[in-house]
Structures are given as C-alpha cells and as structure tokens.
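Read off the chains here:
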Amino acid sequence: MPFCPSTWNFEIDDYLNPWLPAAPWKRVPYPIAYFLGYRPVPQKPLGNIAMIFWAFIGVLCSLIVIEFAGRAIPSFEGHGAPIIIGSFGAAAVLEFYAIESPLAQPRNAVLGQLFSCIIGVTISKLFALGPVSRELTWLAGSLSCACAVVFMALTGTIHPPAGATALLAVVDEGVAHMGWFLLPVVLLGCVLMQCVALLLNNIQRRFPVYWWTSAEVGRRKQDHRKSDYGSDNGAKLEMTATHHLEGRDIAGEAKVVIRRGRVLAPDDMYLSPEEKMFLEELSERL
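Residues numbered from 1 in each chain as written. Predicted model: local features only at pLDDT ≥ 70, side-chain atom pairs only at ≥ 80, totals over all residues. Heavy atoms only, no water.

> What am I meant to see in the pairing of strand β4 (residues 262-265) here?
Each regular strand shows side chains that alternate between the opposite faces of the sheet. Here strand β3 (residues 257-259) runs beside β4; their pairing, made up of three bridges, is antiparallel. Pairing of Val257 across the sheet is with Leu264, part of β4. Once β3 ends, the chain turns through two residues before running back antiparallel as β4, passing Gly261 with a positive phi of about 80°. (Pairing = 2+ DSSP bridges. Helix = DSSP H or I, 4+ residues; strand = E, 2+ residues; numbered from the N terminus.)

Here's what the structure looks like:
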C-alpha cells in the first residue's frame with residue numbers, strides 16, 4: 001500500500017463503543033428519561049424566536065448558578081478562585097443556543113473542559129520550573145491550547161470553550177495561580193451548567209441529542225457491510241453501505257441516498273460520528 005498520511009483516520013470510538021452499554025431508556029421512568037434527552041418520536045422543530053428566548057433564560061440562569069456556587073464555597077475563596085472562569089461564557093452559548101451541535105453534547109462539554117484544564121495546568125507547572133518562565137508565558141499559553149486541541153480531537157471531545165480554558169490556565173494570573181485547584185472549579189462549573197441545560201433545554205427542545213456518541217454502542221461484532229445506527233431518541237436508523245446501483249448512479253459516481261429512517265452510502269466513504277448523526281437527523285425529518 002502507498003504511504004499516504006493524508007488519508008489516515010483515527011476514531012477512538014471504534015475501540016470504546018463496543019464496550020459501552022446501550023442507553024437504558026426502557027428501564028428509566030419516562031418523565032426522568034424525557035429530561036435526559038429521550039424522545040420516542042422525533043422532536044418537532046422550534047422557531048428561532050423561542051430558541052432565542054430559551055437561550056437567554058438558560059445562559060442567564062446557568063451563569064448565575066455557577067457564580068453563586070463559586071461565592072458560596074469557602075475553599076474557592078480561600079484559593080483565590082475567580083467568580084467564574086471566562087470560558088464558561090462561550091460554553092453557555094453552545095449549551096443553550098447551539099444545543100444540537102456535537103460540540104455542545106455532554107461528552108464534549110465536560111470531558112473537553114476537563115482534559116484541557118489538566119493539560120493547561122500541567123504545562124503551566126512545567127514552564128514554572130524554568131528560571132525565565134514569566135518571559136515564556138506566551139509560548140506556554142500557545143502550546144497549552146494547541147496540545148488541548150490535539151488531545152480533544154483524538155478523544156472525540158472537541159469543545160471550543162475548552163481551548164480557552166487551557167489558555168487561561170497559563171496566561172491569566174488570576175486563574176494560573178490556583179494550580180491544580182482549577183480542576184474542581186472547572187468540573188463543578190461544567191456539572192452545574194449541564195444540570196441547568198437538562199432542565200431548561202428539554203422544556204420545548206431536546207438536550208442532549210446523545211450522551212456519548214451518535215454511533216451504535218454495545219455491539220462487539222458487526223457486519224461491516226451493513227450496520228444499524230440508532231439515535232438516543234429511540235428511532236432506529238439503518239445505515240447500509242453499498243456499491244450497488246441504489247448507492248451509485250449510472251455514471252459510477254458515488255452518492256448518498258437519504259430516506260425516512262434509512263441512509264444509504266457507498267462502503268468506501270468515510271463518515272465521522274458527527275456526519276452520521278447529521279444524516280440521521282435529516283432522515284428523521286423526511
């Protein structure tokens with residue numbers, strides 16, 4: 001085979017998903033499952049005015065809750081923690097307006113922030129060992145953000161505000177001085193924001209679209225020619241890889257066929273979990 005790095009792909013979910021349990025919605029009371037994002041039928045689209053209204057309420061309430069918790073916990077004040085980490089402002093936009101984005105799902109919102117925080121504090125500590133660490137803050141901050149992006153991409157936890165968290169952990173003295181205590185501060189903020197999002201985003205909308213991934217979990221042996229992908233809303237969508245006429249036109253050009261409840265694609269076409277989720281959503285709306 002020719003050496004062609006530009007075509008390499010790595011999906012950590014290919015190794016993790018077979019070992020993860022399926023969503024337990026059938027064993028959870030429906031009112032609870034509803035506010036955890038489960039829908040037995042596809043969610044009806046919501047007008048943008050209502051979306052903006054709920055985004056305003058969600059951003060306002062979530063930031064107030066996080067700031068109140070930061071002021072009410074004595075250890076936060078004892079470590080000189082700021083009233084809120086600046087990156088949560090950007091996170092609130094995703095969590096309460098762009099709630100269907102893969103970047104806003106709980107896996108990305110929580111793990112992305114956690115991983116980036118660890119990377120930022122680690123790099124800050126390593127550079128602090130040098131005699132000219134203050135003069136190299138610009139380099140440490142850039143390296144921290146770059147490493148966080150790489151790690152999030154490899155682990156499927158990309159969350160743009162987390163890049164700011166990794167940067168702030170190095171260049172912002174009001175944040176960097178906390179050291180490892182930044183971890184519980186960030187983790188608490190993430191958990192509180194998710195709790196508010198689960199409550200408010202499920203009144204007229206649906207959140208999350210999925211908890212871990214849009215792809216199938218829990219099956220260790222799969223037929224590579226044909227596999228089922230099911231969203232957490234209970235709809236079973238069949239993704240069938242095919243080279244037949246149904247998936248290709250007469251000229252032999254590859255194409256994707258989207259029908260209600262089914263998506264057909266050529267078996268030599270690479271689709272990321274986010275792309276599969278997008279195709280599934282289109283199929284549900286037909």
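> In this structure, what is going on with the packing of helix α3 (residues 48-72) against helix α5 (residues 87-96)? I would like to understand it.
Pairs of packed helices are described in terms of their axes, by the angle between the two and the distance that separates them. The geometry of α3 relative to α5 is characterised by a closest axis approach of 9 Å and an angle of 140° between their N-to-C directions. With respect to their mutual orientation, α3 and α5 come out oblique. Note that α3 runs across α5; the crossing there is right-handed. Contact with α3, carried on its side by Met51, Ala55, Gly58, Val59, Ser62, Leu63 and Ile66, involves Phe88, Ala92 and Phe96 of α5 and no other residues of that element. (Axes fitted to C-alpha atoms, helices over the stretch in contact; angles between N-to-C directions. Parallel < 35°, antiparallel > 145°, perpendicular 65-115°, else oblique. Left-handed = near helix turned anticlockwise from the far one by under 90°. Contact = heavy atoms within 4.5 Å.)

> Would you mind going over the side chain of Arg107 with me for this structure?
You can see Arg107 is positioned in helix α6 (residues 106-128). Exposure remark for Arg107: the relative accessible area of 4% places this residue in the buried category. At 3.4 Å, the side chain of Arg107 forms a polar contact with the backbone oxygen of Gly156. Aside from chain neighbours lying at most four places away, what touches Arg107 is Ile12, Asp13, Gly112, Thr155, Gly156, Thr157, Trp211, Trp212 and Thr213. (Buried < 20%, exposed > 50% of the residue type's maximum accessible area, 1.4 Å probe, protein only. Polar contact = N/O pair within 3.5 Å; in protein donor to acceptor, adjacent residues only side chain to side chain.)

> Just to check I follow, could you spell out the pattern of salt bridges for this structure?
According to the stated counting rule, one finds two salt bridges in the structure shown. The salt bridge involving Asp13 is made with Arg107; its shortest N-O contact spans 2.9 Å. On the criterion of sequence distance, the pair formed by Asp13 in helix α1 (residues 13-16) and Arg107 in helix α6 is long-range, its members being 94 residues apart. For Asp13, a relative accessible area of 7% translates into the label buried. For Arg134, the salt bridge is made with Glu173, and the minimal N-O distance between the two is 3.2 Å. On the criterion of sequence distance, the pair formed by Arg134 in the loop between α6 and α7 (137-155) and Glu173 in helix α9 (residues 173-176) is long-range, its members being 39 residues apart. (Salt bridge = Lys/Arg side-chain N within 4 Å of Asp/Glu carboxyl O.)

> I keep staring at the side chain of Glu95 and nothing clicks. Help me out?
Counting through the fold element by element, Glu95 comes out in helix α5. Here Glu95 sits buried without a salt bridge, and the closest side chain of opposite charge, Arg205, lies 9.9 Å off (N-O distance). In this view, Glu95 contacts Ala104, Ala109, His159, Met193, Gln194, Ala197, Asn201 and Phe207; residues no more than four positions away in its chain are not counted. (Lys, Arg positive; Asp, Glu negative; His and termini not counted.)

> Explain the packing of α7 against helix α8 (residues 160-171) here, please?
With their axes 8 Å apart at the nearest point, α7 and α8 run at an angle of 150° to one another. As far as their axial angle goes, α8 and α7 are roughly antiparallel. Pair α7 / α8 crosses with right-handed handedness. Note on element contacts: α8 touches α7 through Ala162, Gly163, Ala166, Leu167, Val170 and Val171, opposite Thr137, Ala140, Gly141, Ser142, Ser144, Cys145, Ala148 and Met152.

Nothing here speaks to function; it is all geometry.
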